[in-house]
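In case you want the letters, here they are:
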Amino acid sequence: MKEKNLHPKNKFNKGYDFDALIKINPKLKPFVAKSQFDVITIDFSIPEAVKELNKALLFSYDKISIWDFPKQNLCPPIPGRLDYIHYLNDLISSEEKITVLDIGTGATCIYPLLGVAEYNWNFVASDIDFESLDTAQDIIDDNKLREQIELRQQSDENNILKGVLKDGDSFSAVMCNPPFFKSAEEAQGANKRKNKNLGNNTVRNFSGNNNELWYVGGEKAFLHNYLYESSLYKTQSTWFTSLVSKKENIKSLQKSSEKLGAIEFKVIPMSQGNKVTRIACWRF
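The numbers attached to residues start from 1 for each chain and follow its sequence in the written order. Only residues with pLDDT of 70 or above have their local features reported here, since the model is predicted, and side-chain atom pairs are shown and tallied only from 80 upward, although totals for entire chains, interfaces and linings are computed over all residues. With hydrogens and water set aside, each side-chain value is computed from the structure's full complement of heavy atoms.

**A word on a negative patch on the surface**
This is how the line gets drawn: Patches here are clusters of residues that have more than 30% relative accessible area and form no salt bridge, with a 9 Å joining cutoff for like charges and a 5 Å cutoff for nonpolar side chains (Val, Leu, Ile, Met, Phe, Trp, Tyr). Here the Shrake-Rupley method, with its probe set to 1.4 Å, supplies the accessible areas, and only the displayed protein chains count as covering residues. Criterion for a salt bridge: a side-chain nitrogen of Lys or Arg within 4 Å of a carboxyl oxygen of Asp or Glu. Charge counting treats Lys and Arg as positive and Asp and Glu as negative, with His and both chain ends excluded. We put the charge of a Lys on NZ, of an Arg on CZ, of an Asp on CG and of a Glu on CD. Secondary structure is summarised from DSSP: a helix means a run of H or I of at least four residues, a strand means a run of E of at least two, and numbering begins at the N terminus for each. The rule is simple: take the accessible area with a 1.4 Å probe, protein chains only, and divide by the maximum for that residue type; under 20% is buried, over 50% is exposed, in between is partly exposed.
Taken together, the side chains of Glu131, Asp134, Asp138 and Asp142 make up a negatively charged region of the molecular surface. Within the secondary structure, aspartate 142 sits in helix α5 (residues 130-142). The partly exposed category is assigned to aspartate 142, whose relative accessible area is 38%.

In structure tokens, the structure reads:
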């Protein structure tokens, strides 16, 4: 099964070798079978199957051998998350020593893990949820990455950068995968639609705790708050970036960035199969 349209440097852009992945993670084996189209794959409506597949993909890196987190937390699809890392590298590769701030790292700590594994970057990663940070710290410790990944808690849900950034911090880039929905009810509705599209009326595939899934005002409100705060800390990062799921949010974000004094605003398109998203990037 080939992953379409991934970054040229993405190690998973030629698809999955399930025999090799099962050797890396034997717990994947029970979920691998031929589909009705005679293709070797997994049933993506089964959360355990998705988790074991992504564990295998992550364990294909020498630096990562342990990755576990509670069922209520999102299981990130590794190829798509890795694409953000590669596109970010295209943006900042000219810098000598790279340190990245990951806003809302979640329990899986996925962007710092991939950034360390692929490019040996250093990271500061923040989250508002203490339990998520506790799980992320266990993953960091289990993989002996404490020297490269530092966690910080955001104690005020109204802030994004404020309270996380410290005097003297200097980053090559800030990255973020913002909450998409405006409310828990909107997120639950999306879960029902997704399961219906997967032909699955019983299994909950769409995991995620509140801070991962929704933010008052949705993605647009989050992005504009983030943009405003970035203008208050403009000297502490070369680039500020974020995934943007809704294309219609780009125009207002770019217009606001100009008003706040950004000297450059660019959009990097990303697509994985039928899913199209983009990275908004700005600097002061």
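**Regarding the sheet that holds strand β5 (residues 149-153)**
Rules: Only strands joined by at least two bridges in the DSSP assignment are considered to pair. Here the axes come from fitting lines to C-alpha atoms, over the contacting stretch only for helices, and the angles between their N-to-C directions go from 0 to 180 degrees. Here, two residues are considered to be in contact whenever any of their heavy atoms come within 4.5 Å of each other.
Read across the sheet, seven strands follow the order β5-β4-β3-β6-β7-β9-β8 without closing on themselves; strand pairing throughout is mixed. With partners counted over all chains shown, the strands left at the sheet margins are β5 and β8 (264-272), one partner each. Sheet twist, expressed as the mean angle between neighbouring strand axes with direction ignored, is 20 degrees. Along the sheet, helix α4 (residues 110-119) contacts β3 (99-103), β4 (122-127), β5, β6 (171-176) and β7 (237-244); its crossing angle with β4, the most-contacted strand, is approximately 175 degrees. Each of β3, β6, β7 and β9 (275-283) is contacted by helix α8 (residues 218-232), which is oriented at about 175 degrees to β7, the strand it contacts most.

**Observations concerning the nonpolar core**
What counts, and what does not: For this analysis, a nonpolar core means a set of buried residues of the types Ala, Val, Leu, Ile, Met, Phe, Trp, Tyr and Cys, connected via side-chain atoms within 4.5 Å.
Membership of the largest hydrophobic core comes to 54 residues, with the highest contact counts inside it found for Leu28, Leu58, Trp67, Ile92 and Ile149. For this core, the element with the most residues is helix α3 (residues 78-92), which contributes eight residues. If we ignore the near neighbours within four places in the chain, the residues touching leucine 58 are Ile64, Trp67, Ile78, Ile110, Leu113 and Leu114. Val124, Val174, Tyr226 and Ala262 belong to the second largest nonpolar core, which has 24 residues in total.

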